[in-house]
Amino acid sequence: MRTVREMSKLTGVSVRTLHHYDAIGLLKPSQTTQAGYRLYDDVALTRLQNILMFRELRFPLKEIKAMLDKPDFDPQEALEQQIKLLELQAAHLQTLIHFAREVQRKGVEPMDFHAFNREELDHYTQEVKERWGATQAYAEFVEKSRGLTQNQRDEAVEQLLSRFAQLGALRRQQYSPTDPAVQETLSDLQDFISNHYYHCTDEILQGLGELYVSDPRMQANIDQAGGDGTAEFVHQAIAAYCAGR
């Protein structure tokens, strides 16, 4: 058995984070002493390993809990999927590195966006989420994606980016994130996501807003579409949009 501090020292996860994981039911201690001290056995350590691996792959805590709590969760199968996702992520990063070097060598024109194509990585991520307890939104995304041609997918991405371009233009015109024109554009963005990807609730939209500034690749793509600072502007606008509903 390990104390929470020993667990923290071994894994690099802060004591505060371990307490949070306990509070939300993601990682409960194997035993609690009469004095209230948390103790963790090897089973808990293995579960934490899975949690950390899925976190590295950008899975939300709520989805990780749903996957790990699924009765037929197979740690070995999950590990194989994690390895596959890491390999795809590494290949995607290598493509981006090559792209950046080409831009450095040749200049930014003409811009080729194929380096940002995460279709294979995203598709496999959805399969993992679907296998271990995907949310309804992801299941809907998978369903809507079936039968679409690459041109149709590319067109949807272009239309999505055009909405970020509109928001970027409003930012450059000194509009506030709370301005009605900005909020109306966000409503259009939410409707577009619902129509083309999955039902975008206010909760999901707020999560996307956080992702727009926490995911470097996503932030770079949005700023590319709307200009530097667009991702942060959209994040602030979404926060205001969801708070007012």
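How each quantity is defined
Residues numbered from 1 in each chain as written. Predicted model: local features only at pLDDT ≥ 70, side-chain atom pairs only at ≥ 80, totals over all residues. Heavy atoms only, no water. Phe/Tyr/Trp six-rings, centres within 6.5 Å; stacked < 30°, edge-to-face > 60°. Helix = DSSP H or I, 4+ residues; strand = E, 2+ residues; numbered from the N terminus. Buried < 20%, exposed > 50% of the residue type's maximum accessible area, 1.4 Å probe, protein only. Salt bridge = Lys/Arg side-chain N within 4 Å of Asp/Glu carboxyl O. Core = buried A, V, L, I, M, F, W, Y, C linked by side-chain atoms within 4.5 Å. Contact = heavy atoms within 4.5 Å. Pairing = 2+ DSSP bridges.

Enquirer: Help me out: how do you make sense of the packing of aromatic side chains in this one?
Expert: The description of an aromatic ring pair uses the distance of the two centres, along with the angle that the planes make with each other. For the structure on display, the rule yields 2 aromatic pairs. Relative to Y212, the ring of F164 has its centre 5.3 Å away and its plane inclined at 90 degrees; by these criteria the two rings are edge-to-face. Of this pair, F164 sits in helix 8 (residues 150–172) while Y212 sits in helix 10 (residues 202–214), and the two are 48 residues apart along the sequence. The class for F164 is buried, based on a relative accessible area of 3%. The exposure class of Y212 is buried, given its relative accessible area of 5%.

Enquirer: Honestly, the pattern of salt bridges in this entry has me stumped. Any pointers?
Expert: If the charged atoms of two oppositely charged side chains come close together, the side chains can form a pair. What the rule picks out here adds up to 6 salt bridges. Two residues, D42 and R2, come together in a salt bridge whose shortest N-O distance is 3.0 Å. On the criterion of sequence distance, the pair formed by D42 in helix 3 (residues 42–56) and R2 in strand 1 (residues 2–3) is long-range, its members being 40 residues apart. Residue R2 is classed as partly exposed on the basis of its relative accessible area of 23%. Two residues, K65 and D69, come together in a salt bridge whose shortest N-O distance is 2.9 Å.

Enquirer: Just checking my understanding: could you explain the nonpolar core for this structure?
Expert: The tendency in soluble globular proteins is for nonpolar side chains to be buried as a group. In this structure, F164, L186, I193 and Y212 are the most contacted members of the largest nonpolar core, which totals 24 residues. Mapped onto this core, the elements with two or more residues apiece are helix 8, helix 9 (180–196), helix 10 and helix 12 (230–243). Not counting chain neighbours up to four residues away, the residues in contact with I193 comprise L160, Y198, C200, L208 and Y212. Counting 21 residues, the second-largest nonpolar core is a separate cluster that includes V15, L26, I51 and F73.

Enquirer: I'm lost on the sheet that holds strand 1 in this one. Help?
Expert: Hydrogen bonding along the main chain pairs the strands of a sheet, whether they run parallel or antiparallel. Here 3 strands make up an open sheet; going across it, the order is 1-3-2 and the pairing antiparallel. The outermost strands of the open sheet, each flanked by one partner alone, are strand 1 and strand 2 (31–32). Bridge count between strand 2 and strand 3 (residues 38–40): 2 bridges; the pairing is antiparallel. Bridge pairing in strand 3 places Q31 opposite L39.

Enquirer: What am I meant to see in unusual backbone geometry here?
Expert: Most peptide bonds adopt trans geometry, and most residues besides glycine take a negative phi value. Even without being glycine, Q174 reaches a positive phi, approximately 70 degrees. Structurally, the position occupied by Q174 is in the loop between helix 8 and helix 9.

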